[in-house]
Amino acid sequence: MSLLKALDEGWNLFCGRAADFWECGDHLAPNFSLMGLLRWDAEEDEDPEETLERLCLSRERGDLVVKALPFPPAPVWVAATRLLMEHLELPLALLRQEAKDDLLIFRTEEGDKALNRALSGPPRSRPWTRRCCLCPYSDICQIVYPTFIEEVSL
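Since the structure is predicted, the reported quantities are computational estimates derived from the model, not experimental observations.

Asks: Talk me through helix α1 (residues 3–14); I want residue IDs and the actual numbers.
Replies: With 12 residues, α1 extends 16 Å between its outermost C-alpha atoms, agreeing within 8% with the 16 Å of an ideal straight helix rising 1.5 Å per residue. Contact partners of the buried residues in α1: α2 (16–24), α4 (48–56), β1 (57–60), α5 (74–88), α6 (109–120) and α7 (131–134).

In structure tokens:
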């Protein structure tokens, strides 16, 4: 599993609505543009996925270390790290965040079951909750989705 695929799944776990915007491209969040950052830091003939993995994934003493970029929000990085741990069959990983404490993430049997349950069902969006405060798409979501919901219900 690539880090970009893990971030896609992390968005789905964070919020299905935010995942829709992410899939359309992160241009809706110009201050946090992931693709802009990756283009800036890319080496010659390197695609964005390779740049992302080079910048964000490393190993220290055999353990996975994920360096979170400013975008997407931290909960998406936590979910992506957790998914990578399961894919790589690792018991723990370290998530490094700029200007915040590092997070040590452990895998447990109960956590694996909960993650698989969450991934197997449809993404559930509960708009206007605390996670909306963290979401870079919250402003546009509040404009787009209510209109869409009204049109669908007619």
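Asks: Which residues make up the pattern of salt bridges, and what values go with them?
Replies: Where charged atoms of side chains with opposite charge meet at close range, the side chains can pair. For the coordinates displayed, the defined rule picks out 6 salt bridges. With its nearest N and O atoms 3.3 Å apart, the salt bridge here joins D102 to R96. For D102, a relative accessible area of 38% corresponds to the partly exposed category. One salt bridge connects E109 with K113, and the closest N-O pair in it is separated by 3.5 Å. One end of the pair, E109, and the other, K113, are both in helix α6, 4 residues apart, so they sit about a helical turn from each other.

Asks: For unusual backbone geometry, give the residues involved together with the corresponding values.
Replies: The step from F71 to P72 runs through a cis peptide bond, and the omega angle for that step is 0 degrees. Residue placement: P72 occurs in the loop between β2 (63–68) and α5. Within the chain, A99 stands out as a residue other than glycine whose phi angle is a positive 60 degrees. Of note, A99 is situated in the loop between β3 (92–97) and β4 (103–106). Given the relative accessible area of 87%, A99 is considered exposed.

Asks: Give me the layout of surface pockets: which residues, what numbers.
Replies: What the largest pocket holds in volume is close to 300 Å³. Looking at the largest pocket, it is lined by 16 residues, and the ones nearest its centre are P70, P72, P73, A74 and K100. Breaking the lining of the largest pocket down by element, the ones donating at least two residues are α5 and α7. Here the element with the most residues in the lining of the largest pocket is α5; it accounts for 3 residues. For the lining of the largest pocket, the class distribution of residues is 13 nonpolar, 1 polar and 2 charged.

Asks: How would you explain the environment of L92 if you had to name every residue and give the values?
Replies: Topologically, L92 is positioned in strand β3. Taking the C-alpha atoms as reference, L92 lies 6.0 Å from R107; in sequence the two are 15 residues apart. L92 has contacts with D63, L64, M85, L104, I105 and F106, leaving out every residue within four places of it along the chain.

Asks: Which residues make up the packing of α1 against α4, and what values do they have?
Replies: Viewed as axis vectors pointing N to C, α1 and α4 meet at an angle of 85 degrees, and their least axial separation amounts to 8 Å. Between α1 and α4, the crossing angle belongs to the class labelled roughly perpendicular. Together, L3, L4 and L7 of α1 and E49, L52, E53 and C56 of α4 make up the contact between the two elements. Residues belonging to the contact of α1 with α4 are distributed by class as follows: 5 nonpolar, no polar and 2 charged.

Asks: Before we move on, could you go through the nonpolar core and cite the residues and values that matter?
Replies: Counting 32 residues, the largest nonpolar core has L7, W11, L52, W77 and Y137 as its most contacted members. When residues of this core are traced back to their parent elements, those giving at least two are α1, α2, α4, β2, α5 and β3.

Asks: Give me the confidence of the model for the chain: which residues, what numbers.
Replies: Taken as a whole, the chain shows an average pLDDT of 80; of its residues, 77% reach a score of 70 or greater. Throughout residues 150–154 the model reports pLDDT below 50, and contacts reaching past four residues in sequence, or to other chains, amount to 0 contacts.

Calculation notes
Residues numbered from 1 in each chain as written. Predicted model: local features only at pLDDT ≥ 70, side-chain atom pairs only at ≥ 80, totals over all residues. Heavy atoms only, no water. Helix = DSSP H or I, 4+ residues; strand = E, 2+ residues; numbered from the N terminus. Expected span 1.5 Å × (residues − 1). Contact = heavy atoms within 4.5 Å. Salt bridge = Lys/Arg side-chain N within 4 Å of Asp/Glu carboxyl O. Buried < 20%, exposed > 50% of the residue type's maximum accessible area, 1.4 Å probe, protein only. 1 Å grid on protein atoms, 1.4 Å probe; cavity = no way out; pocket = protein on both sides within 12 Å on 5 of 7 lines; lining within 4 Å. Points joined across faces, edges and corners; volume = space filled by probe spheres on them. Nonpolar A, V, L, I, M, F, W, Y, C, P; charged D, E, K, R; others polar. Axes fitted to C-alpha atoms, helices over the stretch in contact; angles between N-to-C directions. Parallel < 35°, antiparallel > 145°, perpendicular 65-115°, else oblique. Core = buried A, V, L, I, M, F, W, Y, C linked by side-chain atoms within 4.5 Å. pLDDT = per-residue confidence, 0-100.

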